[in-house]
Structures are given as C-alpha cells and as structure tokens.
Amino acid sequence: MTQRTLVLLKPDAVKRGQAGEIIRRIEAKGYALVALELRSATPEVLAEHYAEHEGKPFYQPLVDFMLSGPVVAIVLEGERCIEGFRSLAGATDPTVAAPGTVRGDLGRDWGLKVQQNLVHGSDSPESAEREIAIWFPHL
Ligand code: DAT
Ligand code: MG
C-alpha cells in the first residue's frame, strides 16, 4: 500500500551537516521525495506536532531543542514507507539504536538524553496524515 510519511531532520542533523547523508539513505532505500524544505519550527507548530507528549518530563527540553536551529521537513512516498522509514531511523535512543540505522550510525548521547536523535518519522497512517497537514497544509 502506497503511503506518505512525515520526516523531520532535526536541528542536530542540520548543524552537524548530516542532512545530505540522511537524505541519501532515504533515496537509496527507494522512497520518493514529495516535499522537502529547510525551515525554522515555531512553538505553535511544535505544540501541535508533539501534542501526544505534552506533560511528559522530556516535553519542554524536546521543544526547546527543536527550536534551537533549522530543521528539514520532508514528505516521503512509497510502499509501507511509514514502517520503512522508522526502520531506517532506528530506535529512539541513539546510544542503543542498531548499527546500520541513521540513529545507530550517526547518533549518540551528547549528555542531553535522547532528544538529539537526528530524525523524526511518523509512527502510523493516522499520525502521518495529521503531521503532514501540520507541516505541509497545502499537500
Ligand atoms: P520516536 O521519535 O522514536 O517516535 P517518541 O515519539 O516516543 O520517539 O518521542 C519523541 C521524541 O521525544 C524522541 O524522538 C526523542 C524525545 N524523547 C522520547 N523519549 C524521551 C526520553 N525518555 N527522554 C528524553 N527525550 C525523549
Ligand atoms: Mg514518535
């Protein structure tokens, strides 16, 4: 089933010059780029995007981190790309993410727990639809 998913290259990925490497992996996997834009997140967009995490202890540090620099917002398309991108991304905690994944190969704990884990990927068709509407309302 052809799906779309929202991917964010987080501020750590952009600051460390890893955006190209991550996009390379996405293209190598065979997913199509439907939309791609470098932009600064806003508190309003992040409040919507991370609504499910509001109230959790890591919520504010996560939002502050996402405001710390530009992000690359991407919409991908392909068969089962929601699951497929999360597989490319690896486990949430970059210290233990499997080698071969974006987080496992490029990420580590920089003393800031796990929010600096390079990428976001929607976790279900419902999340993907919701998140694409937040970041790319014209799609
Ligand atoms: P994922 O990004 O793998 O879907 P998530 O949706 O559970 O993970 O959490 C969203 C982001 O919040 C995650 O990418 C990094 C941060 N985060 C999650 N759990 C955390 C924790 N225990 N401590 C610090 N940051 C955390
Ligand atoms: Mg998530």
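Now for a look at the structure at hand. Every residue gets a number counted from 1 within its own chain, in the order that chain's sequence is written. Working convention: letters from A go to chains and numbers from 1 go to ligands, in the order in which they are written. For this predicted model, a pLDDT threshold of at least 70 governs which residues receive local features, and a threshold of 80 or more governs which side-chain atom pairs are given and counted, while totals over whole chains, interfaces and linings are taken from all residues. Working from all heavy atoms in the structure, the side-chain values ignore hydrogens and water.

Right, let's get into the site of ligand 1. Note on terminology: near, applied to a residue and a molecule or strand, indicates that one of the residue's heavy atoms is within 4 Å of it. The full set of residues close to ligand 1 is Lys10, His53, Phe58, Leu62, Arg86, Thr92, Arg103, Lys113, Val114, Gln115 and Asn117. A distance of 3.0 Å separates an oxygen atom of ligand 1 from a polar side-chain atom of Arg86. Computed with the Shrake-Rupley method and a 1.4 Å probe, the accessible areas treat only the protein chains shown as cover for residues. Isolated, ligand 1 exposes 510 Å² of accessible area, and the fraction of that covered by the protein chains is 76%. Classifying every residue of the shell around ligand 1 gives three nonpolar, four polar and four charged. Each polar contact in these results corresponds to two N or O atoms within 3.5 Å; when the atoms are within protein, one needs to be able to donate a hydrogen and the other to accept it, and residues that are neighboring in sequence are counted only if both atoms are side-chain atoms. Following the grouping adopted for this structure description, the nonpolar residues are Ala, Val, Leu, Ile, Met, Phe, Trp, Tyr, Cys and Pro, the charged ones are Asp, Glu, Lys and Arg, and the polar ones are all others, Gly among them.

Note on definitions: salt bridges are taken to be side-chain nitrogens of Lys or Arg within 4 Å of carboxyl oxygens of Asp or Glu. Tallying each qualifying case throughout the model produces six salt bridges. Among the ionic pairs, Glu37 bridges to Arg39, the shortest N-O distance being 3.0 Å. Note that Arg80 and Glu83 form a salt bridge whose closest N and O atoms lie 2.9 Å from each other. Only protein chains enter the accessibility calculation, which uses a 1.4 Å probe. A residue is then buried if its area is under 20% of the maximum for its type, exposed if over 50%, and partly exposed in between. Given the relative accessible area of 48%, Glu83 is considered partly exposed. A single network of salt bridges, built from pairs that share partners, joins Glu21, Arg24, Arg25 and Asp105.

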